[in-house]
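# Topology and contacts: notes
So you can see what is in the structure, the chains are spelled out below.
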Amino acid sequence: MRRGLKYVPPALLLLALLELTVFVLVGRAVGFGAAVLLVFGASLLGLVLLRREGMRAWRGFRAAAQAGRPPGPEVTDGLVGLLGALLLALPGLVSGVVGVLLLVPPLRRVAGGGVRRATERRVSSMVAGDLFGPRRVRVYRGAPQPAPEPSPAPAPQPVTDPGKAIEGEIVDR
């Protein structure tokens, strides 16, 4: 995780340059006053949607928790919606377009699936099961594989000295 942090400042600089370039190009095409109003209107809409998406995410999480269902799908949908609204609220045309795309339901489901897969890779199987429910596994039929022959292992010898007690604790792994 820390390895990727060194790329954040250059990425933010490139994003700022991209936003500025797109703003100048749109400003030349439709006029700078209209471009400023477009950025201002998108940011205002993003702020309104940020509140709405936050409340929607919270209600979905609570409903899933009360029904005893895994809250993962509601949480990922809420996170993608909040990210879309946040990107729309940021002043910029590129971030606004990406934010609007994340709010479109089919693209929101695709992004939510990506968030789910990324989460499942980063957390333990037990936590992923608690969040998203049991995993779905695809099984492909193929040629049957022969079972490996069990190798004869020597039987462990029982301890026959009943006079000595060994102190310790049982560690469950």
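Below or above, wherever it landed, is the structure these notes cover. (Residues numbered from 1 in each chain as written. Predicted model: local features only at pLDDT ≥ 70, side-chain atom pairs only at ≥ 80, totals over all residues. Heavy atoms only, no water.)

### A closer look at the environment of Leu 131
- Summarising the element assignment, Leu 131 is placed in helix H7 (residues 125-132).
- By relative accessible area, which is 28% here, Leu 131 ends up partly exposed.
- Measuring from C-alpha to C-alpha, the distance between Leu 131 and Gly 72 comes to 4.5 Å, with 59 residues separating the pair along the chain.
- Leave out the neighbours within four places in its chain, and Leu 131 touches Pro 70, Pro 71, Gly 72, Pro 73 and Thr 119. (Helix = DSSP H or I, 4+ residues; strand = E, 2+ residues; numbered from the N terminus. Buried < 20%, exposed > 50% of the residue type's maximum accessible area, 1.4 Å probe, protein only. Contact = heavy atoms within 4.5 Å.)

### So, a nonpolar patch on the surface
- Taken together, the side chains of Leu 5, Val 8, Leu 12, Leu 15 and Leu 18 present a nonpolar region at the surface, about 430 Å² in accessible area.
- No other element matches helix H2 (residues 8-30), which puts 4 residues into the nonpolar patch.
- As for its position among the elements, Val 8 is in helix H2. (Patch = residues over 30% accessible without salt bridge, like charges linked within 9 Å, V, L, I, M, F, W, Y side chains within 5 Å. Areas by Shrake-Rupley, 256 points an atom, 1.4 Å probe, with all protein chains shown as cover. Salt bridge = Lys/Arg side-chain N within 4 Å of Asp/Glu carboxyl O.)

### Some details on the packing of helix H4 (residues 72-89) against helix H5 (residues 93-103)
- Following both chains from N to C, one finds H4 and H5 inclined at 155°, their axes separated by 7 Å at the closest point. Regarding the angle of H4 to H5, the classification is roughly antiparallel. Viewed along their axes, H4 and H5 form a crossing whose handedness is left-handed. Along its contact with H4, which presents Val 80, Gly 81, Leu 83, Gly 84, Ala 85, Leu 87 and Leu 88, the element H5 presents Ser 95, Gly 96, Val 98, Gly 99, Val 100, Leu 102 and Leu 103.
- Its residues assigned to classes, the contact of H4 with H5 comprises 9 nonpolar, 5 polar and no charged. (Axes fitted to C-alpha atoms, helices over the stretch in contact; angles between N-to-C directions. Parallel < 35°, antiparallel > 145°, perpendicular 65-115°, else oblique. Left-handed = near helix turned anticlockwise from the far one by under 90°. Nonpolar A, V, L, I, M, F, W, Y, C, P; charged D, E, K, R; others polar.)

### What about the pattern of salt bridges?
- A complete count under the given rule lists 7 salt bridges for this structure.
- A salt bridge links Asp 77 to Arg 56; the nearest nitrogen and oxygen atoms lie 3.8 Å apart. Placement of the pair is Asp 77 in helix H4 and Arg 56 in helix H3 (residues 32-67), with a sequence separation of 21 residues.
- Given the relative accessible area of 28%, Asp 77 is considered partly exposed.
- The class for Arg 56 is partly exposed, based on a relative accessible area of 40%.
- Among the salt bridges present, the one from Arg 116 reaches Glu 120, with a minimum N-O distance of 3.2 Å. Placement of the pair is Arg 116 and Glu 120 together in helix H6 (residues 105-122), with a separation of 4 residues, close to one helical turn.
- Each of Arg 52, Glu 53, Arg 56, Asp 77 and Arg 108 takes part in salt bridges that share partners, so that together they form one network.

### Observations concerning the packing of H3 against H4
- As a packed pair, H3 and H4 sit with axes 7 Å apart at the nearest point and diverge in direction by 170°. Between H3 and H4, the interaxial angle falls into the category roughly antiparallel.
- Residues that form the contact of H3 with H4 fall into these classes: 14 nonpolar, 6 polar and 4 charged.

### Regarding H2
- Taking 1.5 Å per residue as the helical rise, H2 with its 23 residues ought to reach 33 Å, and the 32 Å between its terminal C-alpha atoms agrees with that figure.
- Remark: Gly 31 follows H2 within two positions and exhibits a positive phi of approximately 105°. (Expected span 1.5 Å × (residues − 1).)

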